[in-house]
Protein chains: 2
Amino acid sequence: MKAILVICDGMADRPIKELNWKTPLEAARKPSLNQIAKTGICGIMDPIAPGIPPGSDTATLAMLGYDVLKVYSGRGALEAIGSGINVLPSDVAFRCNFATVNEGLIVLDRRAGRIANEDAAKLAESLQKIRLEKSSIEFVFKNTIQHRAALVIHGRPKLSTAISDSDPEKVGVKVLEIKPLDESPEARLTAKILNELMDKFRKVLENHPVNKERSKRKLLPANIILCRSAGTVPSIKPLSEVYGVNAACIAATSLIRGVCKVAGMKLIDVKGATGTPQTDFMAKAKATIQTLKTNDFVVLHVKATDVASHDGGVKQKIELIEKIDRMLGYMLNNIDLSSTCLAVTADHTTSSITQNHEGDPVPLAITGPYVRRDDVEEFDERSCAKGGLSRIRSRDLLPILMNLLGKTRKFGA
Amino acid sequence: MKAILVICDGMADRPIKELNWKTPLEAARKPSLNQIAKTGICGIMDPIAPGIPPGSDTATLAMLGYDVLKVYSGRGALEAIGSGINVLPSDVAFRCNFATVNEGLIVLDRRAGRIANEDAAKLAESLQKIRLEKSSIEFVFKNTIQHRAALVIHGRPKLSTAISDSDPEKVGVKVLEIKPLDESPEARLTAKILNELMDKFRKVLENHPVNKERSKRKLLPANIILCRSAGTVPSIKPLSEVYGVNAACIAATSLIRGVCKVAGMKLIDVKGATGTPQTDFMAKAKATIQTLKTNDFVVLHVKATDVASHDGGVKQKIELIEKIDRMLGYMLNNIDLSSTCLAVTADHTTSSITQNHEGDPVPLAITGPYVRRDDVEEFDERSCAKGGLSRIRSRDLLPILMNLLGKTRKFGA
């Protein structure tokens, strides 16, 4: 018995007036999602606890069975690991954005016009050439998707995550100075290094040919790097050790790749998988089926629905759910359901109205030969609430799947 | 978005034979409660954990989002704070009853014939004049509603809550001597002071003109003070700090006022609100609507249903539920439901048969513009069990409400 877990980022939503108080999932045409619900067992799931909005990092770690309230150590390192940087336990890592500021350092766009990967890569290459005053400290800066990037600080003496962000997380306000958040010499040193680096980044970006070229093309220049979410690598046991399974992950976004990597999963690259609404859904489906041949457990992550929700794109969100549905239709036709459990869920609710992660529970359906099939017929937030799984927490999901695979350890004798 | 939480004390019940195995909620005519269920999301809620009967103190603290298993430090201090006494972290506080004993100190009535507030106030005034042998220790004694009172011991050296009660909590048995519950000098001192105080109280009460007058009127004399539930102020963060909300409470009973006050909520006084079945329900409803204008979150607490249950008054309980329903009808007609979440629940189950708090879950309904409305049509213990909230714990309720208000903090990034 093997298992596939399909995570649709931010797919769950709240009732929306313009959809006659349906959610996007309820409004979408989704025969394959419904088939999974109909032939499976359904429920709702609190990512962390009822009412608590999670990040995609904590939500995904929780779905892999970890107690995030104990093990979570910041998003930065997860993002960096996912982008391919080798992060050591003593390193401190950050999420970064290429952004646009005016001369007074007021943020005009936190995404530098959602800069293309090619431009970001050229800028990142230049930034990597900078040297810090303190020669015992090194850094790695890497662009990931569009405006997103990761930064890792490495070296001696010891560094700290107890520093504030430079990213104000909104436009129209000034970039923040990075400050130590405690009295330790480590925090003071780390803040000092980061401020030096942010200054040097800014100087290189300001006069960079890529930005001059962008201005000519009437595109926003990526003239500053904003950083946030200082973190270290969480100390967790890999899934192979916890459950004795070979596990792999198909995800384009660095953060999810990072989470899966720290859980000891293999990262599978898929041509055309972009982590955007333009991703190649079918390529991901095919890669999942292929990957399952040599693994016990495969996570397939789709970012697109979250992107649409954060942009308030209700219509786009529905279209993306329908694309996911077609992807799942292909999978249902091409996996052996007599020896495979297929689970589908969202990592969290992203409201298309508030455009934020919310603390509402997410729907979950698991189909497979030995599940206790219930009478839920549709996959959405309200139908699944009537299902046989009742209301669980995300950290219960993996034990439930591994139990179906016969991979959970008996507690007691 | 704002929120109102209506807590009906002890409203939940068990099926009763004389109601053809319906609960009082199921037997009552309650169109407004049903409307809230019908237009909202419903569920059942365990005050502490399945099967565990809570006090009104722990149940209410839990509904305000606190982990009572960690923070609860006895009822006494909550009752005292709610009665308007300023309780310091080092003080030890007690719940007290005006009671009636015979010459052999056998308890005849634990409530001194539910003594009227006026009589209790005159007696309390005389008791407050007593002086203790140890001049470094002072006390505050205050009557609250009917036979209920609060006592706070304050001073040096350090005091302890590790002492037994003088209240045997039943009639026909002798008043108990207060004993230290551990070997500490603090517990021995506190027990000694309490016994001295109880003796002095008794002497003052025995010959008090109010009691002589009561005997003439064939009323039971309040000739002893029984004390129990030694406690200190729980160390908790106010709601303003946890969620960034302005919160207020409309409750007549000292205990609930105390709980809300330690949670940093404003206490609103309402003329005619008595904490008894004779309370002015409409005055409370109007005050709630008025208070919501300047607050994000208002708790409206009704004690009457619990009083009826403890007296085994099934018919009275049904009538009180119907009065609560009319109060809610007024509220539904006078609040802006496009910008208000209205939640209604009970703090715990009080069985009209056992006349005790029981560990059964309570029904809950939340109506508001963005809730995932389910298909529950009636507000009662069994209908709500089929709702979209499934089964939660009381400590999840406030995060769920605050999530609807956009006030919960994201965990993760």
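Predicted model, so just to flag it, every value in this text is computed and none were measured.

> Please provide a residue-by-residue account of the overall build of chain A, values included.
Tallying secondary structure elements over chain A gives 15 helices and 15 strands in all. The C-alpha atoms of chain A give 22 Å as radius of gyration, which agrees with the globular expectation for 413 residues (22 Å, within 12%). Across its three principal axes, chain A shows a C-alpha extent of roughly 65 × 55 × 35 Å. The proportion of buried residues among the 413 residues of chain A is 62%. Here chain A carries 58 positive and 47 negative side-chain charges, and the mean point of each set is 3 Å from the other.

> So, the packing of helix α6 (residues 117-127) of chain B against helix α8 (residues 209-216) of chain B: which residues are in play, and what are the values?
Residues and elements named next belong to chain B. Following both chains from N to C, one finds α6 and α8 inclined at 150°, their axes separated by 9 Å at the closest point. On the basis of their axis angle, the class for α6 and α8 is roughly antiparallel. For the pair α6 and α8, the contacting residues are Asp119, Lys122 and Leu123 in the first and Val210, Asn211 and Arg214 in the second.

> Lay out the sheet that holds strand β8 (residues 247-250) of chain A in plain terms, naming residues and giving numbers.
Residues and elements named next belong to chain A. The mixed open sheet is built from eight strands, whose spatial order is β9-β8-β10-β1-β11-β14-β2-β15. Every interior strand has two partners, whereas the edge strands, β9 (266-267) and β15 (390-393), have only one. As defined by bridge partners, strand β1 (residues 2-8) adjoins strand β10 (residues 297-302) across six bridges and the pair is classed as parallel. Bridge pairing in β10 links cysteine 8 to valine 302. Helix α2 (residues 31-38) contacts β2 (40-46), β11 (340-345) and β14 (362-367) of the sheet and is inclined by roughly 100° relative to β2. Packed onto the sheet, helix α11 (residues 281-292) meets β1, β8, β10 and β11 and runs at close to 170° relative to β10.

> Hey, could you go over the interface of chain B and chain A for me, with residue numbers and the actual values?
Each partner contributes residues to the interface: chain B has 21 residues there, and chain A has 37 residues. Carbon and sulfur atoms make up 54% of the surface buried where chain B meets chain A, a total of about 2,200 Å² over both sides. Its largest share of buried area at the contact with chain A, chain B owes to Arg372(B), Phe411(B) and Ala413(B), together 38% of the area lost on that side. A salt bridge links Lys386(A) to Asp375(B); the nearest nitrogen and oxygen atoms lie 3.0 Å apart. At the boundary of chain B and chain A, one finds 17 residue pairs in polar contact (both at pLDDT 80 or more). Every element with two or more residues in the side of chain B that touches chain A is listed here: β15 (390-393) and α15 (394-404) of chain B. It is α15(B) that provides the largest number of residues to the side of chain B that touches chain A, a total of five residues.

> Tell me about the packing of aromatic side chains, and name the residues and values.
All names here are of chain A. If you walk through the whole model with that rule in mind, you get eight aromatic pairs over all chains. With a centroid separation of 5.8 Å and an interplanar angle of 80°, the aromatic rings of phenylalanine 98 and phenylalanine 141 are classed as edge-to-face. One end of the pair, phenylalanine 98, is in strand β3 (residues 92-101); the other, phenylalanine 141, is in strand β5 (residues 137-143), with 43 residues separating them in the sequence. Across the pair, phenylalanine 141 and phenylalanine 98 agree in class, each one buried. Each residue in the set Phe98, Phe139, Phe141 and Phe201 is aromatic and connected to the rest through ring pairs, giving one cluster.

> Residue-level account of the pattern of salt bridges, with values.
In total, this model carries 46 salt bridges over all chains according to the counting rule given. Across the pair Asp269(A) and Arg257(A) runs a salt bridge whose closest N-O atoms are separated by 2.6 Å. On the criterion of sequence distance, the pair formed by Asp269(A) in the loop between β9 and α11 and Arg257(A) in helix α10 (residues 254-262) is long-range, its members being 12 residues apart. In this structure Arg257(A) comes out as buried when scored by relative accessible area, which is 13%. The residue Asp9(B) makes a salt bridge to Lys303(B) at a minimum N-O spacing of 3.7 Å. With Asp9(B) in the loop between β1 (2-8) and α1 (24-27) and Lys303(B) in the loop between β10 (297-302) and α12 (304-310), this pair connects stretches of sequence that are 294 residues apart. On the basis of relative accessibility, which here comes to 12%, the residue Lys303(B) falls in the buried class. One salt-bridge network, held together by shared partners, links Arg110(A), Asp167(A), Glu169(A) and Arg228(A).

> Provide a residue-level description of the sheet that holds strand β2 (residues 40-46) of chain B, including the pertinent values.
All names here are of chain B. With mixed pairing, the eight strands of this open sheet are ordered in space as β9-β8-β10-β1-β11-β14-β2-β15. In the strand order of this sheet, the two ends are held by β9 (266-267) and β15, each with one partner. Of the pairings in the sheet, the one linking strand β8 (residues 247-250) to β9 comprises two bridges and is parallel in character. The residue of β9 that forms the bridge with alanine 248 is lysine 266. Along the sheet, helix α13 (residues 314-334) makes contact with β1, β10 and β11 (340-346), crossing β1 at roughly 170°.

About the criteria used
Throughout, residues of each chain are indexed from 1 in the direction in which the sequence is written. Numbering of ligands from 1 and lettering of chains from A proceed in the order in which they are written. Predicted model: local features are reported for residues with pLDDT of at least 70 only, side-chain atom pairs are reported and counted for 80 or more only, and whole-chain, interface and lining totals are derived from all residues. Side-chain figures throughout are based on the complete set of non-hydrogen atoms in the structure, without hydrogens or water. Strands are runs of DSSP state E lasting at least 2 residues, helices are runs of H or I lasting at least 4, and numbering of each runs from the N terminus. Each radius of gyration reported is based on C-alpha atoms, and the globular scaling rule is 2.2 Å times the count of residues to the power 0.38. For every residue, the accessible area (1.4 Å probe, protein chains only) is compared with the maximum for its type, and the residue is labelled buried under 20%, exposed over 50%, or partly exposed between those bounds. Note on charges: Lys and Arg go in the positive column, Asp and Glu in the negative column, and His and the chain ends are not counted at all. Where a charge lies is defined by one atom per residue type, namely NZ (Lys), CZ (Arg), CG (Asp) and CD (Glu). To get an axis, a line is fitted to the C-alpha atoms, and for a helix only the part in contact is used. The angle between two axes follows their N-to-C directions and goes from 0 to 180 degrees. Here the word oblique covers every angle except those under 35 degrees (roughly parallel), over 145 (roughly antiparallel) and from 65 to 115 (roughly perpendicular). Note on contacts: a residue pair qualifies if any of its non-hydrogen atoms lie within 4.5 Å across the two residues. Here a strand pair is declared whenever DSSP counts at least two bridges between the two strands. Buried area is a sum: the accessible area each of two parts loses on coming together, probed at 1.4 Å, counted once for each and added. Any carboxyl oxygen of Asp or Glu that lies within 4 Å of a side-chain nitrogen of Lys or Arg is treated as forming a salt bridge with it. In the analysis that follows, any N or O atom pair within 3.5 Å is treated as a polar contact, provided that within protein one partner can donate a hydrogen and the other can accept it, and provided that, for residues neighboring in sequence, both atoms belong to side chains. Two aromatic rings from Phe, Tyr or Trp, using only the six-membered ring of Trp, form a pair when their centres are within 6.5 Å; if the ring planes differ by under 30 degrees the pair is stacked, by over 60 it is edge-to-face, and anything between is tilted.

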